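Spelled out, the chains give:
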Amino acid sequence: MPKPAGAHCNLACDYCYYLEKQNLYPRDGQHIMTDQLTEVYIREYIQSQYATEVNFTWHGGEPLMRPLSYYRKVVRWQRQYAGTRTVVNCLQTNGTLLTPEWCRFLHDEGWLVGISIDGPEYMHDAYRRRRGGQPTWAKVMEGIRLLDKYQVEWNAMAVVNDVTASASLDFYRFFRDRLGCRYLQFTPVVERIRRHQDGRHLAHLLDGQDCPMAPFSVTPEAWGTFLNTIFDEWVHMDIGEMFVQIFDATLANWMGVTPGLCTLSDWCGHAAVMEYNGDVYCCDHFVFPEYYLGNIRKRSILDMMDSERQQTFAQFKRQGLPGRCRQCRWQFACHGECPRNRFVKAGDGEPGINYLCPGYTAYFSHVAPYMDMMKAKLDAGLPPAEIMREIG
């Protein structure tokens, strides 16, 4: 994922894991990817692909901190180097900088937009605020209305923190009933506090286990309850109408198919990140000096992705599973979840247990009968939504 404006953002969300990455580059001033580097990246990224479809995901920070003129050049370079390949663009944004001109471009070029919004106003504005503390929900809603007006395809990305987890049905129904959203992704906030000399304050896996949890993190028990409560509404009413990423990923694992959600896959390492200056890191959640792969000006993308450091990182998810996980009945559905959350010791002292394990255990136990039913429908060539008639 390229970061055309680095970690630069017009918001200052309390739980943001990326905003403080600016401290890795304190002397660079404005963090802007140059046109020259962008063209080099686009050319090399396209040439490194074997598939006929090449997917670009523009991320941040806030990628709309770059002007529309920049992305017009992006499209031009993509067409120049794509050849017979099809190029697909996705853009993850907080939505506050969208304008009619932006939305016309996104529609005309067929870009998919991910909107970061954390549910109803009181949930969203609890943590998603500007640097001066001003709320942002109304401005995000204005951006969504513009996307709808210009018929831009979009989906919602929300986080589950201590506030959103406390009212799961209000959260879910907001997206379904208020926004008419059909594609919903949500991810749990799990952050620990650890002060670093360069000013960063969030911990990572190598910081050890003695780091206090950030107050906005969701607890394992709340995560399990949140998932189960929403799943019960979805499985009775919304299969085939509302696509919730984690439920789709769970069903994929039940079917023995690689899910589209990396945290529930059995391997990782394919979601590297390129910062504004060409620095490449193993993963979006591992932008730390210890996970630096090199710079695109000096090493090719293929070289960095095939490097020993990246392969070791990718294999850790499977090879680093503790014995308790290997023996768990839900290992096939969880695969230990994201390695960044494996900082808990088991009761017998075994390290590497996922912080959210109790929540996932409750979730998989709860949904198992329904997943079995949906798998049977798919095996018979029928849509999973058929089970809604059977379970009432």
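In what follows, the structure referred to is the one given above.
Residues numbered from 1 in each chain as written. Predicted model: local features only at pLDDT ≥ 70, side-chain atom pairs only at ≥ 80, totals over all residues. Heavy atoms only, no water.

Some remarks on the sheet that holds strand S8 (residues 279-281)
Taken together, 3 strands build an open sheet; the order of strands is S7-S8-S9 and the sheet is antiparallel. The open sheet has two edge strands with one neighbour each: strand S7 (273-274) and strand S9 (292-295). (Pairing = 2+ DSSP bridges. Helix = DSSP H or I, 4+ residues; strand = E, 2+ residues; numbered from the N terminus.)

Focus: the environment of Ala-203
Relative to the assigned elements, Ala-203 resides in the loop between strand S5 (183-188) and helix H7 (220-237). With relative accessibility at 10%, the residue Ala-203 sits in the buried group. Linking Ala-203 and Ile-193, residues 10 residues apart in sequence, is a C-alpha distance of 5.4 Å. (Buried < 20%, exposed > 50% of the residue type's maximum accessible area, 1.4 Å probe, protein only.)

Here we look at the pattern of salt bridges
Proximity of charged atoms lets side chains of opposite charge pair with each other. Applying the stated criterion across every chain, the model contains 16 salt bridges. Among the charged side chains, a salt-bridge network with shared partners connects Arg-173, Arg-176, Asp-177, Glu-233 and Asp-238. (Salt bridge = Lys/Arg side-chain N within 4 Å of Asp/Glu carboxyl O.)

With respect to unusual backbone geometry
If a residue is not glycine, its phi is most likely negative; likewise, a peptide bond is most likely trans. Cis rather than trans, the peptide bond between Gly-60 and Gly-61 has omega equal to 10°. Note that Gly-61 resides in the loop between strand S1 (53-58) and helix H2 (68-82). The phi dihedral of Gln-151 falls on the positive side, at around 55°, and the residue is not glycine. As for its position among the elements, Gln-151 is in the loop between helix H5 (137-149) and strand S4 (154-160). Located in the positive-phi region is Glu-337, a residue other than glycine, with phi close to 55°. Relative to the helices and strands, Glu-337 is located in the loop between helix H12 (331-334) and helix H13 (357-379).

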